[in-house]
Amino acid sequence: MQASAQQAKRSGQGGLRRNGMLHLFLLPSVILLIVYSYIPMAGIVIAFQDYKTYKGIGGSEWVGLEHFRTMFMDERIVQIIENTLVIALSKLAAGWVAPLIFALLLNEVRILLLKRAVQTLVYLPHFLSWVILGGILTDMLSEHGIVNAAMRALGLPSVFFLGSGGWFRFTLVVSDIWKEFGFGTIIYLAALAGVNPALYEAAEIDGASRLRQTFHVTLPSIIKVGVVIGTLSLGNVLNAGFDQVFNMINPIVAGKGEIIDTYVYKVGLLQGAFSFATAVGLFKSVVSLVLIALTYRLAYKYANYRIF
């Protein structure tokens, strides 16, 4: 037992020496991670203080869990958490289904040039920022925008997409899918490329149609990838998309569209309630950490996927 432990230790040291230069390449990323992600965590302490900028962290009064009690007693927080969960879960569900269906459809295209052109077109919105897309969508979906003009031309009533709470949530989900589903499609297409062609040949010999091949060969072959993507996405259940909501929200729909991140931004930076905003952000981070740990466990249990 001791000999095997010593052998493993020597093997590890040998691997470190052989790959020493490769580890040095990681050094800049590790330094950036420490400077911008770990050192700022010291600021979490202001969630337990009555923080005053002129006193600093060292001189501000310690109030313990006072801000957390205030947070849970505030009726707005309950509505904001509800908004965040509804928007985020809708995005997760639709964002899981849409790329899968589109990848299955695109996989049936036999003209390679057309397939690549379509794949490129649906992938392009992923590279556009929500600052640009928010302005475009606000103009297109306004009362006198192109979408409502087309609906009126067809004899349909106008829809106030950005002025009604329900329609605003629907707009957030649909626009997020349009922007991001091309990226998810690439993951599923990569999984489809690894399906053994012999399975399709055997199914075709047995008389299976293309639809039956999809249900009995394609889907079972990539379902593990889908499970991994779905379970890992649960870790982002409290991330409803700050960039998108911030660029599209307005006071009319704030009751149905305000999420945790935009609330923290307004309370912390615009109103100067740094301690309360930090408490809300810390609450979200702790819940997200628990969900991420849980989803990794589920991914390992149901898809045999693990990072560590």
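Up top is the structure.
Residues numbered from 1 in each chain as written. Predicted model: local features only at pLDDT ≥ 70, side-chain atom pairs only at ≥ 80, totals over all residues. Heavy atoms only, no water.

Engineer: Can you help me understand the overall build of the chain in this one?
Structural biologist: Check the secondary structure of the chain and you find 15 helices and two strands. Relative to the 2.2 N^0.38 estimate, which gives 19 Å for 308 residues, the radius of gyration of the chain is 25 Å and therefore markedly larger than a compact globule would have. With respect to the three principal axes, the spread of C-alpha positions in the chain is 85 × 75 × 35 Å. Per-residue burial over the chain gives 32% buried out of 308 residues. Once local pairs closer than 6 in sequence are excluded, the contacts in the chain between residues at least 24 apart make up 65%. Accessible surface for the chain amounts to roughly 19100 Å². Of this, 68% is attributable to carbon and sulfur atoms. Taking the average place of the 24 positive charges on the side chains of the chain and the average place of its 17 negative ones, the gap between the two points comes to 12 Å. (Helix = DSSP H or I, 4+ residues; strand = E, 2+ residues; numbered from the N terminus. Rg over C-alpha atoms; globule rule 2.2 N^0.38 Å. Buried < 20%, exposed > 50% of the residue type's maximum accessible area, 1.4 Å probe, protein only. Contact = heavy atoms within 4.5 Å. Areas by Shrake-Rupley, 256 points an atom, 1.4 Å probe, with all protein chains shown as cover. Lys, Arg positive; Asp, Glu negative; His and termini not counted. Charge placed at Lys NZ, Arg CZ, Asp CG, Glu CD.)

Engineer: What's the story with the pattern of salt bridges in this structure? I'm lost.
Structural biologist: Two side chains that carry opposite charge are able to pair once their charged atoms sit near each other. Taken as a whole and judged by the stated rule, the model has seven salt bridges. The residue E108 makes a salt bridge to R210 at a minimum N-O spacing of 2.9 Å. In this pair, E108 is assigned in the loop between α5 (75-107) and α6 (112-123) and R210 in helix α11 (residues 210-233), connecting sequence segments 102 residues apart. A relative accessible area of 37% places R210 in the partly exposed class. Put simply, D261 and K284 hold a salt bridge, and the shortest N to O gap is 2.6 Å. Of this pair, D261 sits in helix α14 (residues 260-270) while K284 sits in helix α15 (residues 274-303), and the two are 23 residues apart along the sequence. K284 sits in the buried class, given a relative accessible area of 11%. Each member of the salt-bridge network shares a partner with another, and the members are E108, R110 and R210. (Salt bridge = Lys/Arg side-chain N within 4 Å of Asp/Glu carboxyl O.)

Engineer: Any chance you could explain helix α10 (residues 197-205) here in plain terms?
Structural biologist: The α-helix advances 3.6 residues per turn, and as a result positions three or four apart in sequence lie on the same side. Two or three places before A198, at the opening of α10, N196 has a side-chain oxygen 3.1 Å from that residue's backbone nitrogen. With its phi angle positive at about 90°, G207 sits one or two positions after the end of α10. (Polar contact = N/O pair within 3.5 Å; in protein donor to acceptor, adjacent residues only side chain to side chain.)

Engineer: Which parts of the structure should I look at to understand the nonpolar core?
Structural biologist: Soluble globular proteins: nonpolar side chains tend toward being buried together. Among the nonpolar cores identified, the biggest contains 18 residues, and F168, L172 and M248 are the most heavily contacted of them. Among the elements of the structure, α5, α7 (130-140), α9 (165-193) and α12 (242-248) are those that each provide at least two residues to this core. Top contributing element to this core by residue count: α7, with three residues. Setting aside residues up to four positions removed in sequence, F168 forms contacts with F161, L162, M248, I249, V253 and G257. (Core = buried A, V, L, I, M, F, W, Y, C linked by side-chain atoms within 4.5 Å.)

Engineer: Teacher, can you tell me more about the packing of α10 against α11 here?
Structural biologist: At a minimum axis separation of 10 Å, α10 and α11 run at an interaxial angle of 160°. Compared by their axis directions, α10 and α11 come out roughly antiparallel. Between α10 and α11 lies a crossing whose hand is right-handed. Every residue of α11 that contacts α10 at L199, Y200, A203 and E204 is listed here: Q213, V217, T218 and S221. (Axes fitted to C-alpha atoms, helices over the stretch in contact; angles between N-to-C directions. Parallel < 35°, antiparallel > 145°, perpendicular 65-115°, else oblique. Left-handed = near helix turned anticlockwise from the far one by under 90°.)

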